[in-house]
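Observations on the three-dimensional arrangement
What follows is each chain in one-letter form.
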Amino acid sequence: MNLQDVCKKFRISENFLNSKTDGLIVAASSLNDIIGELNKTDKRGIDENGKQTLITKLETLIDFLKEVKNSGV
């Protein structure tokens, strides 16, 4: 799989993923978004639905990083 295929799989604009290094920048941005979501939760904590959403996002991010690592440029 090449980087263009990774873009299609994860619905990322090809303008953001021109190299494997760009993949790290995309992942860092995604982690910042997840941190923002965690910080927005009220004092009662995260409900089960929110927890599952965050887990899914993190699992997707793991898959994305593996695909970028294994991609041919």
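About the criteria used
Residues numbered from 1 in each chain as written. Predicted model: local features only at pLDDT ≥ 70, side-chain atom pairs only at ≥ 80, totals over all residues. Heavy atoms only, no water. Helix = DSSP H or I, 4+ residues; strand = E, 2+ residues; numbered from the N terminus. Rg over C-alpha atoms; globule rule 2.2 N^0.38 Å. 1 Å grid on protein atoms, 1.4 Å probe; cavity = no way out; pocket = protein on both sides within 12 Å on 5 of 7 lines; lining within 4 Å. Points joined across faces, edges and corners; volume = space filled by probe spheres on them. Nonpolar A, V, L, I, M, F, W, Y, C, P; charged D, E, K, R; others polar. Expected span 1.5 Å × (residues − 1). Buried < 20%, exposed > 50% of the residue type's maximum accessible area, 1.4 Å probe, protein only. Arc of directions from axis to C-beta. Contact = heavy atoms within 4.5 Å. Salt bridge = Lys/Arg side-chain N within 4 Å of Asp/Glu carboxyl O.

**Details of the overall build of the chain**
Looking only at helices and strands, the chain has three helices and zero strands in total. Tracing the chain from N to C terminus, the helices and strands come up as α-α-α. Its C-alpha radius of gyration of 14 Å places the chain more than 25% over the 11 Å reference for a compact globule of 73 residues. On the principal axes, the C-alpha backbone points of the chain span a range of 45 × 15 × 15 Å.

**Focus on the layout of surface pockets**
Within this model, the largest pocket holds a volume of roughly 290 Å³. Forming the boundary of the largest pocket are Phe10, Ile12, Val26, Ser29, Ser30, Asp33, Ile34, Glu37, Lys57, Thr60, Leu61 and Phe64. Elements with a contribution of two residues or more to the lining of the largest pocket: helix 2 (20–40) and helix 3 (48–70). No other element matches helix 2, which puts six residues into the lining of the largest pocket. Residue composition of the lining of the largest pocket, grouped by class: six nonpolar, three polar and three charged.

**Quick notes on helix 2**
Under the 1.5 Å per step criterion, the end-to-end length of helix 2 is 31 Å for 21 residues, consistent within 8% with the ideal 30 Å. Of all the residues in helix 2, the buried ones are Asp22, Gly23, Val26, Ala27 and Ile34. Buried residues of helix 2, viewed axially, fall in a sector of 145°; they line one side. Of the exposed residues in helix 2, the ones pointing more than 90 degrees away from its buried face are Thr21, Leu24, Ile25, Asn32 and Asn39. The inward-facing, buried residues of helix 2 contact helix 3.

**Structural notes on unusual backbone geometry**
Notably, Arg11 is not glycine yet its phi reads approximately 55°, a positive angle. You can see Arg11 is positioned in the loop between helix 1 (3–10) and helix 2.

**Some remarks on the environment of Lys66**
Mapping Lys66 onto the fold places it in helix 3. For Lys66, a relative accessible area of 52% puts it in the exposed group. Distance in space between the C-alpha atoms of Lys66 and Val6 is 10 Å, their sequence separation being 60 residues.

**Comments concerning the pattern of salt bridges**
Following the criterion strictly, the structure yields two salt bridges and no others. Lys9 serves as the salt-bridge partner of Glu67, at 2.9 Å between the closest nitrogen and oxygen. Note that Glu67 is positioned in helix 3 and Lys9 in helix 1, a separation of 58 residues in sequence. Glu37 is paired through a salt bridge with Lys57; the nearest N and O atoms lie 2.4 Å apart. Separated by 20 residues along the polypeptide, Glu37 in helix 2 and Lys57 in helix 3 bring together distant segments of the chain. Given the relative accessible area of 25%, Glu37 is considered partly exposed. Note on Lys57: relative accessible area 35%, which makes it partly exposed.

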